[in-house]
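# Structure at a glance
Next come the chains, spelled out residue by residue.
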Amino acid sequence: QVQLVESGGGLVQAGGSLRLSCAASGRTFSSYAMAWFRQAPGKERELVARMRSGGSTYYADDVKGRFTISRDNAKNTVYLQMNSLKPEDTAVYYCAASPRVIPYAAGDYSYWGQGTQVTVSS
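A few points on the structure. As the structure is a prediction and not an experimental result, all values here were calculated from the model.

All right, on to the state of the cysteines then. Going through the model one piece at a time under the given rule, you end up with one disulfide. For Cys-22, the disulfide goes to Cys-95, at an S-S distance of 2.1 Å. Looking down the S-S bond of the Cys-22 and Cys-95 bridge, the torsion is -80°, so its handedness is left-handed. Within this pair, whereas Cys-22 is found in strand S3 (residues 18-24), its partner Cys-95 is found in strand S9 (residues 91-98), the two being separated by 73 residues in sequence. According to the relative accessible area criterion, Cys-22 is buried, its value standing at 0%. Of the residues examined, Cys-95 reaches a relative accessible area of 0% and is grouped as buried.

As structure tokens, then:
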């Protein structure tokens, strides 16, 4: 069982930065693929960034070059550094963990955090 707790959300002006953190419980954190999803009002949950256990990363096209996912296995924590934020980045951001080597969809993730709100004002 893995429990995930996100932090770091908030209100920021367009062009600003935020860093989200996700603290995970459990001794097998390093073996999980970790990801950040987001869900805006009236929209489906979408994958923002993913880091496999081996370290390879994936980013959605609209965040490439602006967001960076990283993980510290010693601290059981995954981060999402968000720079050059835009109003369209406003959403609830969720941390997720998957035991799959290459998780593709939200359904491949077994564990989810409670979400943290990110609001970007114009």
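The rest of the description comes next.
We now examine the side chain of Arg-50. The residue Arg-50 is located in strand S5 (residues 46-51) in this model. For Arg-50, which is buried and forms no salt bridge, the nearest opposite charge comes from Asp-108, at a distance of 7.6 Å. Within polar-contact distance, the side chain of Arg-50 engages the backbone oxygen of Pro-103 at 2.8 Å. With residues near it in sequence (within four places) discarded, Arg-50 still touches Met-34, Ala-35, Ser-56, Thr-57, Tyr-58, Ile-69, Ile-102, Pro-103 and Tyr-109.

Time to look at the pattern of salt bridges. Any two side chains of opposite charge can pair, given that their charged atoms come close. Under the definition given, this model contains six salt bridges. Residue Arg-38 pairs with Glu-46 through a salt bridge whose shortest N-O separation is 2.7 Å. Take Arg-38: its relative accessible area is 3%, and that puts it in the buried class. With a relative accessible area of 35%, Glu-46 lands in the partly exposed category. The partner of Asp-62 in a salt bridge is Arg-38, with the nearest N and O atoms 3.0 Å apart. With Asp-62 in the loop between strand S6 (57-59) and strand S7 (67-72) and Arg-38 in strand S4 (residues 33-39), the pair connects residues that are 24 residues apart, well separated along the chain.

Membership of the largest hydrophobic core comes to 30 residues, with the highest contact counts inside it found for Leu-4, Trp-36, Leu-80, Met-82 and Tyr-93. Mapped by element, the contributors of at least two residues to this core are S3, S4, S5, S7, strand S8 (77-82), S9 and strand S11 (116-121). Residues in contact with Leu-80, not counting those within four places in the same chain, are Leu-18, Arg-19, Leu-20, Trp-36, Val-48, Ala-49, Phe-67, Thr-68, Ile-69 and Tyr-93. Of all hydrophobic cores here, the second largest spans five residues; its members include Ala-35, Phe-37, Leu-47 and Tyr-109.

Definitions and limits used
Residues numbered from 1 in each chain as written. Predicted model: local features only at pLDDT ≥ 70, side-chain atom pairs only at ≥ 80, totals over all residues. Heavy atoms only, no water. Disulfide = S-S within 2.5 Å. Helix = DSSP H or I, 4+ residues; strand = E, 2+ residues; numbered from the N terminus. Buried < 20%, exposed > 50% of the residue type's maximum accessible area, 1.4 Å probe, protein only. Lys, Arg positive; Asp, Glu negative; His and termini not counted. Salt bridge = Lys/Arg side-chain N within 4 Å of Asp/Glu carboxyl O. Polar contact = N/O pair within 3.5 Å; in protein donor to acceptor, adjacent residues only side chain to side chain. Contact = heavy atoms within 4.5 Å. Core = buried A, V, L, I, M, F, W, Y, C linked by side-chain atoms within 4.5 Å.

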